[in-house]
Amino acid sequence: MMEEHRMKKYIISLAWVLAAGIPVLGQTSYLSEIKIVDREVVKTSDRQANVKMTVNLDDLDIKNQHSLCVVPVILSADGSQEQELPSFVINGKVRDRVQERTEAFEHTDLNPGAVAKVRRKNGSSQTLDYNASVPFKQWMIGGNLQLRGYVTGCAQCNDGDETATTGDIFPPMNPVYYSPFIQPKEEIVKRRSETRSARLQFRQDSHRIDPKFKNNRAELDTVSNSISLVKDNHDLTITGIYVTGYASPEGTFDYNMKLSERRAKAFTEYMKDDLKGVDPQLYHVNWKGEDWAGLREEVVKYPDLLKIDEVLNIIDNCGDDKDACEEQLKALVPPEIYQRLLNEMYPAVRRNEYRIEYNVRHFDLAEGKEMIKTRPDLMSVSEIQQVADSYGKGSPEYVDCLVRGAKAYPNDVTAVNNAALALMEANRTDEAIRLLENAPAEGELLNMKGAAYAKAGNLEKAAQAFSEAQAKGYSQAGENLSLLKQYMDYMAE
């Protein structure tokens, strides 16, 4: 923006009042005599930053030989980035004529890129409509729109080094997603259970338990210890011990059903003798015979098994005639396949499962503070919350208590939801995401996962989680998804 005279740059400081149309006092610059009204800065559908404004020149008294070039500039909030927009030009009477003659004689444009040019008629009402766009960038959010004035046509223009602004633009959008705390329900009776397996070795066609046979002593000691841990804990009351017998497929189906019955009953009687302190009436016995589902689980643990796909196909398509399925396994070639099944995979499905059910007494706050460190699984989710609350919401101890509760109850929606929320509020969002990734696919937890991903800045995964939560019938997730899409559209370049 050079002519025959020396160019001087005016950076005139305007207060927010400029945007409101109130002239700044104490300034001698031309910009202080300009009023900006009806200013509008929006993001268009084609992702442009569009600036519209009316420039009121009523109070502008420009010298005849002067030309004022005003360049609107979008400046980032931290001042590190800026984007100039096309300029507009206001000429004094003489300067306007000079420019017109020069442009006509030299076939040139003295104001390239200017979107508007006007000759000022001092003392009259006059406006200039400005409309220009530049590509939208995320850094523009929270920034401001400045005006920078350049005066030419004078030998000694007044210096100016202040920043002019018409006000803020693109206010930051900080969506708050619905991710509520869930108030735990108190358990009137705290019922718990533990399920374990006892894989005992029996002599051929025998159901008698011999503690000295193979690894039976270690298995039986494990059984006794697991029950004693419950029986000898004064906080617990055993309400039932449930035994279920299973057999492997070798032999006939009917024989194995009876064999699983005899071995389950023998195991139960042995437990009664070994654990005389437990009421015999608490024992309950059941048997299932051949465990084909358990066999499949074992087979997949041996990916090097020859023709494993054929083996799994036989198991998966086995109908009611289990003996026929067993014969198909025996007929596989080479015979080593069946021998491996018999020796390596069948033993694991010959077992007795036992489940210990018990009630847990309620703990007061002081007891709970100690119990949370060692056996949070014996506390109710409500008791865990009460202990957490006693430390104060948001404190490290509060978060730690809820995380311990979520680990003790990984399938409890309330426990996992509240732990994830506490982690997010403590800015430990990555931990919250890991917790929720392994949580049940329930609407509340999927919604919380969406909120966690959004907080972490992974908007695509957040949208997926909200969508899945909505599909599960969690209606608030749909509102979150809509809010997220608005935000994504607002931020898109």
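Structural notes, computed from the coordinates. (Residues numbered from 1 in each chain as written. Predicted model: local features only at pLDDT ≥ 70, side-chain atom pairs only at ≥ 80, totals over all residues. Heavy atoms only, no water.)

### Examining the environment of Glu468
So, point 1. By the element assignment, Glu468 lies in helix H14 (residues 459-471).
So, point 2. On the basis of relative accessibility, which here comes to 33%, the residue Glu468 falls in the partly exposed class.
So, point 3. Spatially, the C-alpha atoms of Glu468 and Ala441 are 8.6 Å apart, while their sequence positions differ by 27 residues. (Helix = DSSP H or I, 4+ residues; strand = E, 2+ residues; numbered from the N terminus. Buried < 20%, exposed > 50% of the residue type's maximum accessible area, 1.4 Å probe, protein only.)

### Observations concerning the pairing of strand E9 (residues 144-152)
So, point 1. In terms of burial, E9 is largely enclosed, as nine of its nine residues are buried.
So, point 2. The side-chain alternation of E9 yields two buried faces, one formed by Asn144, Gln146, Arg148, Tyr150 and Thr152 and the other by Leu145, Leu147, Gly149 and Val151.
So, point 3. Bridge analysis of strand E4 (residues 67-75) against E9 gives nine bridges, and the strand direction is antiparallel. Across the sheet, residue Cys69 finds its bridge partner in E9, namely Tyr150.
So, point 4. Examined bridge by bridge, E9 and strand E10 (residues 167-168) share two bridges and lie antiparallel to one another. Residue pairing in the sheet places Leu145 in a bridge with Gly167 of E10. (Pairing = 2+ DSSP bridges.)

### Remarks on the sheet that holds strand E12 (residues 236-247)
So, point 1. Taken in spatial order, the four strands make up an open sheet running E11-E14-E12-E13, and their pairing is mixed. Bordering the open sheet on either side are strand E11 (190-198) and strand E13 (283-290), each of which pairs with just one other strand. Recorded for the sheet is a direction-independent mean angle of 20° between the axes of neighbouring strands.
So, point 2. Sheet analysis places E12 next to E13, joined by seven bridges and oriented parallel. Across the sheet, the residue bridging to Thr244 is Asn286, located in E13.
So, point 3. Contacting E11, E12 and strand E14 (351-360), helix H2 (residues 216-231) crosses the sheet at an angle of about 10° to E14. (Axes fitted to C-alpha atoms, helices over the stretch in contact; angles between N-to-C directions. Contact = heavy atoms within 4.5 Å.)

### Details of the pattern of salt bridges
Pairs may arise between side chains of opposite charge once their charged atoms sit close together.
So, point 1. For the structure shown, the criterion picks out 28 salt bridges.
So, point 2. Two residues, Lys35 and Asp59, come together in a salt bridge whose shortest N-O distance is 3.3 Å. Here the residue Lys35 occupies a position in strand E2 (residues 35-43), and Asp59 occupies one in the loop between strand E3 (48-56) and E4, the gap between them amounting to 24 residues.
So, point 3. Of the residues examined, Asp59 reaches a relative accessible area of 41% and is grouped as partly exposed.
So, point 4. Its salt-bridge partner being Arg340, residue Glu344 comes within 3.0 Å of it at the nearest N-O pair. Note that Glu344 and Arg340 are positioned in helix H7 (residues 336-349) at a spacing of four residues, about one turn of the helix.
So, point 5. Since its relative accessible area comes to 32%, Glu344 is described here as partly exposed. (Salt bridge = Lys/Arg side-chain N within 4 Å of Asp/Glu carboxyl O.)

### Digging into the side chain of Glu383
So, point 1. Tracing the backbone shows Glu383 in helix H9 (residues 381-390).
So, point 2. Separated by 2.9 Å, the side chain of Glu383 and the backbone nitrogen of Phe363 make a polar contact.
So, point 3. Apart from residues lying up to four places away in sequence, Glu383 is in contact with Lys190, His362, Phe363 and Leu378. (Polar contact = N/O pair within 3.5 Å; in protein donor to acceptor, adjacent residues only side chain to side chain.)

### Considering the packing of aromatic side chains
So, point 1. For the coordinates displayed, the defined rule picks out five aromatic pairs.
So, point 2. Here the aromatic rings of Tyr177 and Phe466 are separated by 5.5 Å at their centres, their planes lie at 40°, and the arrangement is tilted. Taken together, the positions of Tyr177 in the loop between E10 and E11 and Phe466 in helix H14 put the pair 289 residues apart, joining distant regions of the chain.
So, point 3. Since its relative accessible area comes to 12%, Tyr177 is described here as buried.
So, point 4. Sitting over the face of the ring of Tyr242, Arg355 holds its NZ or CZ atom 4.4 Å from the ring centroid.
So, point 5. A cation over an aromatic ring shows up here: Lys369 above the ring of Tyr391, its NZ or CZ 4.8 Å from the ring centre. (Phe/Tyr/Trp six-rings, centres within 6.5 Å; stacked < 30°, edge-to-face > 60°. Lys NZ or Arg CZ within 6 Å of the ring centre and 35° of its normal.)

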